[in-house]
Each structure stands twice: as structure tokens, then as C-alpha cells.
Amino acid sequence: MGRLFAIITSATVLLWADRAPADVAKVGLLADFTGAFATWGPQFREGVEAYQALHGKTVKGLDDKLHEIQFIYRDTASQGPDKARQLAQELVLHDHVRFLCGLDLSPHAMALADISKEAKVPVVIMNAATSSITRMSPYFVRVSQTVPQDVAPLGPWAAAHDIKRVYTIVSDYAPGYDAEAYFIKTFKAAGGTIVGSARTPQQETNFSAYMERVREAKPDALYMFQPAGSPSVAFVKAYVERGLKAAGIKLLGGGETQELFLPNFTDDIVGTVTSFHYTETNTRPANLELRAQVKKMFGDKAVPDIATLAAWDGTRLIQEAVAALGGDAEGLQYVDFMKGKKFDSPRGPVEIDPVERDIIQNVYIRRVEERDGRLVNIDIDEVKMVKDPWKIDHPPQAN
Amino acid sequence: MGSFGLTVLLDGISYGMILFLISVGLTVTMGLMRVVNLAHGAFAMIGGYVAGYLTQRGCNFYLAALAAAAAAAALGAVTERTIYRPLYRKGELAQVLLTIGFVFVATGAVTEIFGAFPYPVVFPPYLTRPLDIGFRQYPAYRLFLIASGAAIALLLWLVLDNSLYGARLRAAVDNPRMARAVGINVSLLFTSTFTVGCGLAGLGGALGAGILSLEPAYALKYVVLFLVVVIVGGEGSFEGSFVAAMALGIIDTLGKYFVAEAAPYLLYTAVFALLLWRPKGLVPPRSLA
Amino acid sequence: MRRARVVAAIGHAVPWAIAVVYFFAVPSDLDFGTQVMIWILFAMSLDLALGYAGILTLGQAAFFGLGAYTAGLFAIHLSPDPLLGHLAAIGVTMLVGALTGAMILHTTGVTLLMLTLAIVSVLSQYANQATDLTGGDNGLQGIRLDPIFGVFEFNIFGKTAYFYALVVLFGWFVLARRIVHSPFGRSLDGIRQNPHRMRAIGTPVWWRLLAIYTISAAMAGSAGALSAHATRFVGLSVLDLLTSGTVTVALILGGTRRLYGGFIGATIYLVVQDYSAKISPFFWEFVVGGLLIATVLLLEGGLLDFGPAVLRLRDRWQAGQRR
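The model shown is predicted, which means the values in this text are computed figures rather than measured ones.

Quick notes on the rules
- Residues numbered from 1 in each chain as written.
- Chains lettered and ligands numbered in written order.
- Predicted model: local features only at pLDDT ≥ 70, side-chain atom pairs only at ≥ 80, totals over all residues.
- Helix = DSSP H or I, 4+ residues; strand = E, 2+ residues; numbered from the N terminus.
- Rg over C-alpha atoms; globule rule 2.2 N^0.38 Å.
- Buried ≥ 20, exposed ≤ 12 C-beta atoms within 10 Å, placed from the backbone.
- Contact = placed C-beta atoms within 7 Å.
- Domains from an automatic or database assignment.
- Nonpolar A, V, L, I, M, F, W, Y, C, P; charged D, E, K, R; others polar.
- Pairing = 2+ DSSP bridges.
- Axes fitted to C-alpha atoms, helices over the stretch in contact; angles between N-to-C directions.
- pLDDT = per-residue confidence, 0-100.
- Expected span 1.5 Å × (residues − 1).
- Core = buried A, V, L, I, M, F, W, Y, C linked by C-beta atoms within 7 Å.
- Parallel < 35°, antiparallel > 145°, perpendicular 65-115°, else oblique.
- Left-handed = near helix turned anticlockwise from the far one by under 90°.

**Student:** How should the overall build of chain B be read in this particular structure?
**Tutor:** Along its length, chain B carries twelve helices and two strands. For chain B, the succession of helices and strands along the chain, N to C, is α-α-α-α-α-β-β-α-α-α-α-α-α-α. Over its C-alpha trace chain B gives a radius of gyration of 19 Å, about what one expects of a compact globule, namely 19 Å for 289 residues. Evaluated residue by residue, chain B yields a buried proportion of 57% over its 289 residues. A sequence separation of at least 24 residues applies to 78% of the contacts in chain B between residues at least 6 apart.

So this is what it looks like as C-alpha cells:
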């Protein structure tokens, strides 16, 4: 009996050890492909596939060896961090991936901190936007954004554009709290007044009571932070229905007006001003290249968004790292290679912070307008190379 | 302050009307057939999607709402005969499980066909604008909800209270054995009632899409709310579900206005307290009282 | 007679043998095995309350989540000893189980269902808002554990977590078996079938229900503590209504009132889910929904009833032939 075990185990171990030939570098991408957050996974995948179709799956290392970068997709199925952790563990132990990436939700990324350290696997974060994440493991590199980074430039912009009194309404969860804190902080610092604040349940679609309170407070503008999908659509609808727009109260926001979600709104949303790190109508060559490639591969209905973009940039970083260091470098060597990297992303110029491993990028102030019968975001201002403000407020502790 | 009180009242009532419209079918089926039908929200969702599909292609909103009711009713009739019938003899647990299974299938189907994003119903332009109601501007859509909800409630009340069908239904809810004994065709009554209940849910799903947004998670997200209305009102009680829907609509709106931070707890704490106080609901039908 | 006993003994040994073999055969997927055992324990806890005693609850996630948060917070703020944290989780969930049970167990049916649902919703809202305590939506971070007995370390390979879960599961299983075969367990059977009659013959129905509800809560809390320790993370999803739903589905799939039902159900559920996530993630909802409908309509007693159900169909078919 014991012998049989020995044979079975050694056979299985051999089998698995043999799975990854030397010239294939596997990359595990974790995201939600089903469930409540099912839009993320497919968008990531399109970004990866578009990049690889245009720039090749194979890179030539300095050692003249060819390395194929192979992505393995795993569905966290909107089941939370436990699932993400378990899948990551499998990808590391079973599939021997050299990199992990994807990660739409912050808790998923956080749950991977221990694994990345124990397995020494670099993790390229393609969305998860809570500031503190990159401090949780030296193997984390973020190519997406942080909530404070996107929000902070809006306060000073509003104060400089005749908006003196603002009411804030955010969704009742951690990113909402971050957005609320940074909008209020930067707006007050620029001389503005906050006349009221409210937090709404996460999946709220009945905003009438909140809008009544805003009406009574008569602010110059209303700042919102709502999850994409039904809550933000219902929010804008209530804002118009309750006569706030007619009363001249401006609407400020962030990710709610992304191109992907604009078709869900009516032209009620025209005039909304948001701050964000990617504007779909920018005419930089890199953006045109990304958009043309995605439309070519996935049809006219495909809409590249921040997930596509981050996957595109993340794939680029991973492929360049393998090209420079080969397929068998230490995890931290790859991370060191990515630190301080500057390149032209479709969103504009970006840099990976050499200390924090977080992205530094322009943040754009945009207004929703109607062009040729379609709703689009148009840049009206930009703040160059914004570093995550939370990191500036919370300097790394000296060891 | 008076005008403000009236506004909050209107908001609460219009929200309550939608809850009532969708839940009334559920209360009758739960009271009559003793089926814990967690899939009721799925019928409302399907109705809503039908209306969304049609109105997005330029169909008249009212026709689309009727089509939504018809589609949900037809689906209700078919499922009653095939899936629900074997359930009547099984325990509550089996019913809960099977109907959740149905919800999963419906959610998967909707995601496949219509995608994971919210799916809008296109309302006529005059319903999307605020209307002058004397002391202020008020959303026309909400007034429309109150009017149509009240009209349907009145119609239902007339039918239930004055027609032979209503008398049979009430008899069957209050005492199913006696009803059978006096020669009421209970099987036909079940099918027709279930069909009408699902039709109303479909109608509610279409009309209420401006407040309860359509998305694949709809069936699961709101069914708890519908169940709350039914159980707080008292299973099988038409009046009870009306009272409960209005009460919940108004409590929810007031809570959000005055104690926004506690709003998420408020509804469930209220339900908890109400049910401990009156485990059989606010207005239980005679058979249970 | 002796042969039957031998067969039964082998039957009992099978699941545990599989669990041990899995450890050696699939060393790279131990984390998955650990998850399965956690869910088996969770399903077993529900079997006691819902299967044996007929307490219609959709609130089991309240105890799972409470156990997980207690174990996590204990490790962060009080002591990194996993066993002490586990005991604390069991203690807290027992207490809360007894308190809430005392409030709601005089009701039955859908009212009870609604009350359990309200409890889990309120707890989940609280955990979301109390970010200082729970980390809210970001989850509870920074759980550090000492090695068990100072020797076995929790790490990425998950060996310690696997055996830890296996031992805890076995312990609860032995206890649950003793309970359901005791006179107390038999009286629960009677209460489920006819509470009025049981009351008439002098059984303290309410007390019995409260006792089993409290034990069930502690067991679910223990499963939650295992989950917190194995993943060293606690997220809001542990208190999700969907978690309650999932465990119910797993139990029913396997079959209630068998204790082993949870073993089959949780395993099948997680394996199918894992598999469908790897192959084609999109049909997961269809698969679960279809499985549920089929189980309820065709298999009275869950998948454990699959064999007998086939036999019944055959008998019916043969009876038809004779006619």
C-alpha cells in the first residue's frame, strides 16, 4: 500500500514538474468572468489578446532564447478573496506561473499578498484601486489607478471653476469612503465648502430621499461616487427627475461616465464633469492603436475601457521583463525591472513609481458631451503626472 | 415642512406601489398554494426585460407593458403546470431550493441573452420630466406609478370582493379542504391565480423599472424585498400586503432621509421587530389568524 | 449480520481514506481540499438544524461569518495562537446562537426563514460599515498565526491547514453522530415531523430546538474559524446571503439527515464550480440551477439517494411492463 502511494505521488509530481517546458513563461490572470462583476474578466482578456496579436506572443530574450508568454485565465466568479487566493495558489503550485495578474477587486489583490511573498511571484495589478495595496507585498506592481489618485485633482478644479459649495454622496463601501475623504480634503484645501455628505447602500437604486436633501441644501455642485451599473444610472436619473439639474446644480463624478457605461444613460448626463485617468476620445497614437486593434479583433461593439487598457499595459510590462531577464529570473528581479519604467500608454504618459511600485499618470478632467448622436467624454483640463496622494499622506515607515 | 412631508409621503407611496404590484401575486400564491416561491422576482424580471426589449425598438410603452404582463403570465401558466405542481406536496425546503434553482437558470439566461449590464426600459418622454403639482416640481413617473398602482389595487379589490372568482379564491385561501368539498375546481383555480399573479409581477417589473433597475441580479436582489412584503403583511392577505408595501415604502424613504447612515439596518430591524411582534403578519387571513 | 457491519465500517472509512489519499496524491491543490472540508463542516452544521430538527433557516452564514471574524480579530488583537482563536470563535457563535435562537425559535416556516434572513442582513451591513473593526469591503487584513503546537506552520503549501481542517471536521463529525443517534437526536426527528404531538407527550420542544440550534451555530462558527485560519483573510462575503444559499444548496444536493450528505454535496458543488470556472465560466448559473431543479424533482433525498432512485424507477418500469 505504502509503495503504491509512493509510485502515485512521484508519478504525479513528475507529471506536474514536466508541465512547463523551458521556453514557455506562464502568466496567471485572475478576474471575475461570472457573477456580479462579470464584466472585468472578458475586458482584461481582450486587452491581453489585443496586445499579443499586435506585438507577438513570443519575445526574444537577451540570451537569444525565445520565450512564449502564455496567459492562463481563472474565474474568481465574484466569489470573493478566498476564491482568488485558492486559484492563485493553484496557479503557482500546479501550473508554475511566473507572474500573476488581473485582479479587478481590491480584496482579491490583498488576499494575494502572502502568496506572492511566499512563492516570490510578481503580481501585476490591473485594477484593484485601494491605495495601500502596493505596500502589502514587495512583489506587487500596479498599472491601473488608485481611487484617491483619480479623485484628488477634481476638488481644486471645481474650486477654481466657480463651484464654492458641494454636497457629496458616495456609495457605502471602502472605495466610496476613500473618494469622499479625498474629494472633501482637496476641495476644502482649495477654499471650497462642503454643505452636506451622505452615504448610500451599495446597490441602491432609489435615490429620491437623498436628492431631496441635496435640493434643500442648494449647493453649487453634487459630487457622486457610485458603482458602475444600476446605481450610477439610477443616481443620474434621480438627479434630473428631482429638478437638481434644472436648478443649476452641477454633477461631478469619476468612473461613472466611462465609455463602457455611457450607453446606459440618457442625455441627462450631458454636462457632467468627471476626473479620471483615461479618456476614450484622446487621439494619442497609442490609444488609436489599441482601439483599432480591439475593434478589429472583437468587432465594433467591443469597447476598450480601463480594464482593457491596464491589461494591455500590464502585458507589455511582463513581456518586456521576460525579454530583458529571460524566463528564469527571480521574482524581485522582474519587479526591479518594472520599477521606474516610463512608457506611452494609450491613456498618456505613465511611470511606475520606483519606490512604491504604483503608477504615476496624468489625470484628466472631462465633460460628457453629445457628438454625432453618441455620448462621449471630452477632455477639458488635465493634471500632469499625479502620484497617489494617499502615499504622500502616509509616507513609508522607516524600517 | 408641510410640502416636504408631502414629498416624502409621495416618494414612499410610489415606491410602496411597485412593491405591492409585484408582491400581490406572491402573497396569493403563497397563501393559496402554500408554495414558497422565491422565483417570483424572476417573473418580474422577465416582464421587465420584455418591456425593455420592445421599448428599445420603438414599441409603445403601454403596449410593451401589456406584452410584459402577457409574457410573464404565459411563462407562469407553463411553469405552474410543469414545475410547480409537483411541489405542492413537498416541504418548504424543497420549494425554496427548486425555486432558487429556477432563479439561477433565469439569471443565467438573461445574462446570456441581454448581457450583464443594466437594461433600460424606455419610458415616454412626458414620464421622464418633472411635473408641476402646485407646491413644487415632482417627477411625473412617480405620479404615474401611484396612479397605476392605485388603479390596479382597486381593480383587484373589486374582483376579489365582488366576483365569483374572488369568492372562490378567498374560500380556498381560508379553507382549502372545505373549498374542495363544496366543489370548487381547485386545480384550475391554482393555475389561473398563479398565471394572474405572474402577469402582475411582469407588469410591475416593467412599470417599476425606473426604480428597481433591470439587471441579471434583479431576481435574487429584490425577491427578499417582495418576501418581506408578503410575510409582514400576512401570507395570503391582499389587504395585508398592501399595508405592508406602503409601510415599508414609507419607512424606507423616511429612514434614508432622516437617518441615512442607519438606513441599511432600518428595514431589516423593522422586519425583525414586526415579525417577533406578529409572527403571522400584520393582517393575517382568517385561516391563519 | 457481521458482514453488514463490516460493510458499514468500510463505508464509514471511505470518505476519510479519500481525504488522506488526496493529501498525498494532489499536493499542489491542498487549498482546494481544505476549502471542501470547510464547506462540508458548514453543510453538516446546517444539516443538524435544518435536516434533523427542521429549523427552516437561511441565516447560517451569520454564524459562519461571525466565527470567521472572531477568529481573525482574535489573531490580530489578542493572540496569534490558532487553537485559542478557534475556541473563541466557537464560544462567541454559541452565545449568539443561543441568544438569537431564544428570540426566534417560537416561530416556524416562512416567518422563521425571514427572521434568520434579517439577522444575517443586519450583521452583514454592520460588518460593511464598521471599517475600523472589520476592514469593511476590503476585508480583515494582517492575520498572523503561530504554528500549531509551535511546530506546524501555516504557509502557501497548505499542509498544516489541510490536516487542521481534517482533524476539526472529524471531531465535529464524531460529535454530530453521537448527537443524532442519542435520544435527544431522536426527539428532534419527532419534533420535525410533528411538533404538536411531541409537545403533547411532554417534550420540551423549544428547549430542544434551542439546544440543537446552538450546537449548529457553534459548528458553523468553527467552520468559519477554519476558513479564517486557512486563508488568513476574512472578507464580507462570509456574511453574504449567498453564502447561506450556497451551503443550503450543497446540503440538499447531497441529501439531508445523513451527515454524509454534506460530504457529497459540498464536494460536488465545489468541484463542479471549480471545473466550470476552468472550462467555460459562463454556464455556471445554468448548471447550478439545473442541478437544483433536477435534485428536488427527481431525487427525494439528494444525490446520496441516486442509487435508490434508480431502483425505484426500475421497479416502476417493471410494474408497468407486467401490466
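**Student:** How do you make sense of the domain arrangement of chain A when you look at a structure like this?
**Tutor:** Interfaces are often sized by the accessible area lost when the parts come together. Residues and elements named next belong to chain A. When cut into domains, chain A gives domain 1 (2-145 + 284-357) and domain 2 (149-276 + 363-393). A separation of 32 Å is found between the C-alpha centroids of domain 1 and domain 2. Opposite the nine residues of domain 1 that make contact, domain 2 presents eleven residues. The residue makeup of the side of domain 1 that touches domain 2, split by class, is three nonpolar, three polar and three charged.

**Student:** Would you take a moment to explain the interface of chain A and chain C for this structure?
**Tutor:** Contact with chain A, which involves 33 residues of that partner, is made by 28 residues of chain C. Mapped onto the side of chain A that touches chain C, the elements with two or more residues apiece are α1 (2-17), β3 (66-75), α3 (81-93), α4 (106-110), α5 (113-119) and α8 (174-189) of chain A. For the side of chain A that touches chain C, the leading source of residues is α3 of chain A, giving seven residues. Its residues assigned to classes, the side of chain A that touches chain C comprises 15 nonpolar, ten polar and eight charged.

**Student:** Would you explain the sheet that holds β3 of chain A in this entry?
**Tutor:** Whenever strands of a sheet pair, they do so through backbone hydrogen bonds, lying parallel or antiparallel. All names here are of chain A. With respect to topology, six strands assemble into an open sheet ordered β2-β3-β1-β4-β5-β6, the strand pairing being mixed. Each having just a single partner strand, β2 (58-60) and β6 (140-142) make up the two edges of the open sheet. On average, adjacent strands in this sheet sit at an angle of 25° to one another, irrespective of strand direction. Sheet topology places strand β4 (residues 99-102) next to strand β5 (residues 123-125); three bridges connect them, and they run parallel. Across the sheet, residue G102 finds its bridge partner in β5, namely I125. Along the sheet face, helix α2 (residues 40-55) touches β1 (24-31), β3 and β4 and points at about 150° away from the line of β1.

**Student:** Is there a simple way to think about the confidence of the model for chain B in this case?
**Tutor:** Low-pLDDT portions of the prediction should not be read for the details of their coordinates. Residue and element names in this part refer to chain B. Per-residue confidence for chain B averages 86 on the pLDDT scale, and 98% of its residues sit at or above 70. For chain B, helix α8 (residues 176-181) is the element with the lowest average pLDDT, namely 80, and helix α2 (residues 40-56) is the one with the highest, namely 94. We note a pTM of 0.84 for the whole complex and an ipTM of 0.80 for its interfaces.

**Student:** Help me out: how do you make sense of helix α11 (residues 241-254) of chain C in this one?
**Tutor:** All names here are of chain C. Across its 14 residues, α11 extends 20 Å between first and last C-alpha, which sits within 8% of the 20 Å expected from 1.5 Å per residue. Looking only at α11, the buried set comprises T243, S244, G245, T246, V247, T248, V249, A250, L251, I252, L253 and G254. Backbone geometry just downstream of α11 places G255 in the positive-phi region, at approximately 115°.

**Student:** Would you mind going over unusual backbone geometry with me for this structure?
**Tutor:** The phi angle of most residues is negative, glycine excepted, and most peptide bonds adopt the trans form. Non-glycine residue D372 of chain A carries a positive phi angle of around 50°. Tracing the chain through its elements places D372 of chain A in the loop between β14 (359-371) and β15 (374-386). Here the phi dihedral of F149 of chain C falls at roughly 55°; this positive angle occurs in a residue that is not glycine. With respect to the element layout, F149 of chain C can be found in the loop between α6 (131-134) and α7 (159-181). A residue is classified by how many C-beta atoms lie within 10 Å of it, and F149 of chain C, with 9 of them, is exposed.

**Student:** Explanation requested: the confidence of the model for chain A in the structure shown.
**Tutor:** Looking at chain A as a whole, its pLDDT mean stands at 89, while 94% of the residues score no less than 70. Across residues 10-22 of chain A, confidence stays below pLDDT 50; counting only partners more than four residues off in sequence or on other chains, it has eight contacts.

**Student:** Can you help me understand the pairing of strand β8 (residues 193-200) of chain A in this one?
**Tutor:** Two strands pair when backbone bridges link them, and strand β7 (residues 165-171) of chain A and β8 of chain A are joined in this way by seven bridges, in the parallel orientation. Bridge pairing in β8 of chain A places S171 of chain A opposite T200 of chain A.

**Student:** Which parts of the structure should I look at to understand the nonpolar core?
**Tutor:** A general tendency of soluble globular proteins is for nonpolar side chains to be buried together. Counting residues in hydrophobic clusters, the biggest one holds 318 residues, and the most contacted among them are I125 and L222 of chain A, A68 of chain B together with L41 and M114 of chain C. Summarising the domain contributions, this core has at least three residues from each of domain 1 (2-145 + 284-357) and domain 2 (149-276 + 363-393) of chain A. Setting aside its immediate chain neighbours within four residues, L41 of chain C contacts V168, L169, W172, M219, S222, A223 and L226 of chain C.

**Student:** Explain the environment of L253 of chain C to me, please; I cannot follow it from the model alone.
**Tutor:** Residue and element names in this part refer to chain C. Structurally, L253 is set in helix α11. Judged by C-beta crowding, with 28 C-beta atoms within 10 Å, L253 ranks as buried. Spatially, the C-alpha atom of L253 lies 36 Å from that of D81, the residues being 172 residues apart in sequence.

**Student:** Explain helix α10 (residues 230-241) of chain A here, please?
**Tutor:** Residues and elements named next belong to chain A. Given a rise of 1.5 Å per residue, twelve residues ought to cover 16 Å, and the 16 Å separating the end C-alpha atoms of α10 matches this to within 8%. Extensive coverage of α10 is indicated by the burial of twelve of its twelve residues. Of all the positions in α10, only S230, P231, S232, V233, A234, F235, V236, K237, A238, Y239, V240 and E241 are classed as buried. Note on α10: the residue one or two positions beyond its end, G243, has a positive phi of about 75°.

**Student:** Please clarify how the interface of chain B and chain A should be interpreted in this entry.
**Tutor:** At the junction of the two partners, chain B supplies 25 residues and chain A supplies 22 residues. For the side of chain B that touches chain A, the elements supplying multiple residues, two or more each, are α1 (2-33), β2 (137-139), α11 (238-258) and α12 (263-277) of chain B. Among the elements that make up the side of chain B that touches chain A, the one with the highest residue count is α1 of chain B (four residues). When the residues that make up the side of chain B that touches chain A are grouped by side-chain class, the tally is 16 nonpolar, four polar and five charged.

**Student:** Sorry if this is basic, but what is going on with the packing of helix α3 (residues 60-78) of chain C against helix α4 (residues 82-104) of chain C here?
**Tutor:** Residue and element names in this part refer to chain C. At a closest axis distance of 8 Å, the pairing of α3 and α4 adopts a crossing angle of 140°. Taken together, α3 and α4 sit at an angle that is classed as oblique. The handedness of the crossing between α3 and α4 comes out as right-handed. In this structure, α3 contributes F63, L66, G67, T70, A71, F74 and A75 to the contact, and α4 contributes G85, H86, A88, A89, V92, T93, V96 and G97. For the contact of α3 with α4, the per-class residue count stands at nine nonpolar, six polar and no charged.

**Student:** Just checking my understanding: could you explain the packing of helix α4 (residues 92-114) of chain B against helix α13 (residues 284-298) of chain C for this structure?
**Tutor:** Any two packed helices are characterised by how steeply their axes cross, that is the angle between the axes, and by the distance between the axes. In the contact formed by α4 of chain B and α13 of chain C, the axes pass within 7 Å of each other and the chain directions differ by 150°. Taken together, the axes of α4 of chain B and α13 of chain C lie roughly antiparallel to each other. As for the relative orientation of α4 of chain B and α13 of chain C, their crossing is left-handed in sense. Residue-level inspection shows A94, L97, L98, I100, G101, F102, F104, V105, T107 and G108 of chain B of α4 of chain B in contact with α13 of chain C, the latter providing E285, F286, V288, G289, G290, L292, I293, V296 and L297 of chain C. Residues of the contact of α4 of chain B with α13 of chain C, tallied by class, amount to 13 nonpolar, five polar and one charged.

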